[in-house]
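Here is how the chains run, residue by residue.
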Amino acid sequence: PLHDVDLAELLRYAARTTLGPGAPVTLALPDDLPLVRGHHDALARAVANLLLNAHDALGACDAPRDAARTITVSARHDATATPPVVHVAVADTGCGMPADVLARIWEPYVTTKPGGTGLGLAIVRQAVEAQGGTVAAESAPGVGTTITLTLPAAAPA
């Protein structure tokens, strides 16, 4: 069964424990973020996977960059959606991906990382969809990548 999950706390914990102190992570989480319906452990693994991918992307580009390489984790409640949802975005200022690679990132065994299994994003998608959510990705070479999870908000108490 699905449970009410404090997504803000899950995101704070994942950012602190997945990448460790000193990681270039900024959290943009509203104080009034509602709970979501889901499986805490599956969501935590999905977020950890996204953070690790974003961190890897920061160091994957050879070209020097003027802007600081950062990861931003943000969340917002959309009460106007039916049913209401919470959007979580993990954005990096890494090297980004061309459209042909972006189109295949959710497929199992597709990877651009040396030694990567190509299972991380497939597992993220499976976990989020199993909880009634959706995933989306935007990326541009030289700009970075944003992965957005959309999860059903829990009914207000």
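Residues numbered from 1 in each chain as written. Predicted model: local features only at pLDDT ≥ 70, side-chain atom pairs only at ≥ 80, totals over all residues. Heavy atoms only, no water.

Visitor: Before we move on, can you summarise the environment of Ala 89 with the specific residues and values?
Guide: Here Ala 89 shows up in strand β5 (residues 85-92). In this structure, the C-alpha to C-alpha distance between Ala 89 and Ala 28, residues 61 residues apart in sequence, is 9.7 Å. (Helix = DSSP H or I, 4+ residues; strand = E, 2+ residues; numbered from the N terminus.)

Visitor: Residues and numbers for the confidence of the model for the protein, please.
Guide: When pLDDT is averaged across the protein, the result is 90; 95% of the residues are at 70 or more. Between the elements of the protein, mean pLDDT differs from a low of 92, seen in helix α3 (residues 99-102), to a high of 97, seen in β5. (pLDDT = per-residue confidence, 0-100.)

Visitor: Account for the sheet that holds strand β4 (residues 71-78), naming residues and giving values.
Guide: Ordered in space as β2-β4-β5-β7-β6, the 5 strands form an open sheet in which the pairing is mixed. Bordering the open sheet on either side are β2 (25-28) and β6 (134-140), each of which pairs with just one other strand. The sheet shows a mean angle of 15° between the axes of neighbouring strands, direction not considered. Taken together, the 8 bridges between β4 and β5 define a ladder with antiparallel strand orientation. Bridge assignment links Ile 71 to a residue of β5, and that residue is Asp 92. Helix α1 (residues 7-18) contacts β2, β4, β5 and β7 (144-152) of the sheet and is inclined by roughly 170° relative to β2. (Pairing = 2+ DSSP bridges. Axes fitted to C-alpha atoms, helices over the stretch in contact; angles between N-to-C directions. Contact = heavy atoms within 4.5 Å.)

Visitor: Talk me through the pairing of β4; I want residue IDs and the actual numbers.
Guide: With 4 bridges joining them, β2 and β4 adopt parallel strand pairing. Pairing of Leu 27 across the sheet is with Val 73, part of β4. The hairpin formed by β4 and β5 contains 6 residues between the paired strands.

Visitor: Hey, could you go over the pairing of β6 for me, with residue numbers and the actual values?
Guide: As a general feature of sheets, a regular strand has side chains that alternate between the two faces. For β6 and β7, the ladder comprises 7 bridges, and the chain directions are antiparallel. For Glu 138, the partnering residue across the bridge sits in β7 and is Thr 146. Here β6 folds back onto β7, and the loop between the two strands holds 3 residues, one of which, Gly 142, carries a positive phi near 80°.

Visitor: Which residues make up unusual backbone geometry, and what values go with them?
Guide: The linkage connecting Thr 82 with the following residue, Pro 83, adopts the cis geometry, with an omega of -5°. Residue placement: Pro 83 occurs in the loop between β4 and β5. The backbone of Tyr 109 sits at a positive phi, close to 70°, despite the residue not being glycine. The topology assignment puts Tyr 109 in the loop between α3 and α4 (120-130).

Visitor: I'd love a proper account of helix α2 (residues 40-58), names of residues and values included.
Guide: The first and last C-alpha atoms of α2 sit 27 Å apart over 19 residues, in line with the 27 Å expected at 1.5 Å per residue. Of all the positions in α2, only Ala 42, Leu 43, Ala 46, Val 47, Ala 48, Asn 49, Leu 50, Leu 51, Ala 54, Ala 57 and Leu 58 are classed as buried. (Expected span 1.5 Å × (residues − 1). Buried < 20%, exposed > 50% of the residue type's maximum accessible area, 1.4 Å probe, protein only.)

Visitor: Kindly report on α4, identifying the contributing residues and their values.
Guide: Turning to α4, its buried residues number three or more, namely Gly 120, Leu 121, Ala 122, Val 124, Ala 127 and Val 128. Structurally, α4 contributes buried residues whose contacts are with α2, β6 and β7.

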